Amino acid sequence: MLNIINTLLEECSSDKRKFPATDLYCEGWMLRIVLDWFSKNVDIRRELSMRDADNWYSEARLPSTFLPRKRGDKLAEGHTHADGVIGEFTINKNLESELVLKSDAKSFIVIEAKMFSKLSPRTSNCSYYDQAARNVGCIAEVLRRANLKPDNLEKLAFYVIAPESRIKENVFTRYMEKEHIFETVKRRVDEYDESKIEWHENWFIPLKDVITIKCISWEEIIEFIVTEEPKIELSIKAFYANCLKHNQLISNLSR
């Protein structure tokens, strides 16, 4: 079995591959590798650091305060699928991996991972409700459902992880500005009747002085990891190089 796995991995980056290279060499698997490493190296003082009590999960479903109120709700949106989450939570498998934050949680981090794609600028029913605003809005709803005020947490964050070159190109800058995010969510709330005012005032606005919103480069994370564990330098850098290579090809073809 191990020989089969190793053969598939070798072929994945060659012309002999039996499935698209980006099924493996992608932001999702790059993030899982990184989060797994941090989960095995706890109490390191970095953005993605974890404590013994923390968990991580890939593709958790985050609830939104803007879920459908009735069939055909033209303002509504569905759950947000988070590329990665860190914190003290459970995953409700009966609700298709919906995340439930523990009422005594001390940390909650949501991560959006990118290679060469941009943040989505809209949802199906809202032309301006971009991916960053949507994620931060979902963080507020997760806290509300746990009845956990933002200032009760020691670590609360939304991160976008992307190649350094993309960050320097300012691809994410506007969307990640805190003022833009809070104005965008307020605009979304204003489209509803008064039913969202309490949520906005009591759960969303209090995030502003507490939450960290930041872009982090894959290169920065990888350099930190290999400094801590030099023996994995070749393997993790090779994996990232393949992510860049194959996703750059897809990005160039889609232009």
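In what follows, the structure referred to is the one given above.
None of the values given here were measured: they were computed from a predicted structure.

(A) Expanded view of the overall build of the chain. When you go through the chain residue by residue, the secondary structure sums to nine helices and nine strands. For 255 residues, the compact-globule estimate of 2.2 N^0.38 gives 18 Å, and the chain sits close to it at 19 Å. Expressed as lengths along the three principal axes of its C-alpha atoms, the size of the chain is roughly 60 × 40 × 40 Å. Carbon and sulfur atoms form 49% of the exposed surface of the chain, whose accessible area is close to 13,200 Å². Side chains of the chain carry 38 positive and 41 negative charges; the gap between the two charge centres is 4 Å.

(B) The sheet that holds strand β1 (residues 55–57), seen in detail. Reading across from one edge, β1-β4-β7-β8-β9 is the order of the five strands in this open sheet, with mixed pairing throughout. Lying at the two open borders of the sheet, with one neighbouring strand each, are β1 and β9 (212–217). Averaged over all neighbouring strand pairs, the angle between strand axes comes to 20 degrees, with direction disregarded. Sheet topology places strand β7 (residues 107–113) next to strand β8 (residues 155–162); seven bridges connect them, and they run parallel. By the bridge assignment for β8, Ile 111 is matched with Tyr 159.

(C) Region of the structure containing the packing of aromatic side chains. In total, this model carries nine aromatic pairs according to the counting rule given. One aromatic cluster is present, formed by Phe 66, Tyr 129, Phe 182, Tyr 192, Trp 199 and Phe 204 through successive ring pairs. Taking NZ or CZ as reference, Arg 46 lies 4.5 Å from the ring centre of Phe 224, over its face. Positioned above the aromatic ring of Phe 182, the side-chain terminus of Lys 208 is 5.5 Å from the ring centre.

(D) Spotlight on the nonpolar core. Counting 46 residues, the largest nonpolar core has Leu 99, Leu 101, Phe 108 and Leu 207 as the members making the most contacts within it. It is helix α3 (residues 131–146) that contributes the most residues to this core, nine residues altogether.

(E) Representation of the pairing of strand β4 (residues 84–87) within the structure. Residues Gly 84 and Ile 86 of β4 are buried on one face, and the alternating residues Val 85 and Gly 87, pointing to the opposite face, are buried as well. Pairing analysis gives three bridges linking β1 to β4, with the strands arranged antiparallel. Across the sheet, Trp 56 pairs through a bridge with Ile 86, a residue of β4. Here β4 pairs with β7 via four bridges, running antiparallel. Of the residues in β7, the one forming a bridge with Gly 84 is Ile 111.

(F) Inspection of α3 at higher detail. The end-to-end C-alpha distance of α3, which contains 16 residues, comes to 23 Å, matching closely the 22 Å that a straight helix rising 1.5 Å per residue would cover. Where burial is concerned, most of α3 is hidden: 14 out of the 16 residues are buried. Between the side-chain oxygen of the N-cap and the backbone nitrogen of Ala 132 there are 3.1 Å, and the N-cap of α3 in question is Asp 130. One or two steps after α3, the chain reaches Asn 147, where phi turns positive at roughly 55 degrees.

(G) The pattern of salt bridges, seen in detail. Enumeration according to the criterion identifies 17 salt bridges in this entry. In this structure, Asp 36 engages Lys 40 in a salt bridge whose closest nitrogen and oxygen atoms are separated by 2.6 Å. Overall, the relative accessible area of 60% leaves Lys 40 in the exposed class. Notably, a salt bridge pairs Asp 73 with Arg 69, separated by 2.8 Å at the nearest N-O pair.

Definitions and limits used
- Residues numbered from 1 in each chain as written.
- Predicted model: local features only at pLDDT ≥ 70, side-chain atom pairs only at ≥ 80, totals over all residues.
- Heavy atoms only, no water.
- Helix = DSSP H or I, 4+ residues; strand = E, 2+ residues; numbered from the N terminus.
- Rg over C-alpha atoms; globule rule 2.2 N^0.38 Å.
- Areas by Shrake-Rupley, 256 points an atom, 1.4 Å probe, with all protein chains shown as cover.
- Lys, Arg positive; Asp, Glu negative; His and termini not counted.
- Charge placed at Lys NZ, Arg CZ, Asp CG, Glu CD.
- Pairing = 2+ DSSP bridges.
- Axes fitted to C-alpha atoms, helices over the stretch in contact; angles between N-to-C directions.
- Phe/Tyr/Trp six-rings, centres within 6.5 Å; stacked < 30°, edge-to-face > 60°.
- Lys NZ or Arg CZ within 6 Å of the ring centre and 35° of its normal.
- Core = buried A, V, L, I, M, F, W, Y, C linked by side-chain atoms within 4.5 Å.
- Buried < 20%, exposed > 50% of the residue type's maximum accessible area, 1.4 Å probe, protein only.
- Expected span 1.5 Å × (residues − 1).
- Polar contact = N/O pair within 3.5 Å; in protein donor to acceptor, adjacent residues only side chain to side chain.
- Salt bridge = Lys/Arg side-chain N within 4 Å of Asp/Glu carboxyl O.

Function cannot be inferred from these measures alone, as they are strictly geometric.
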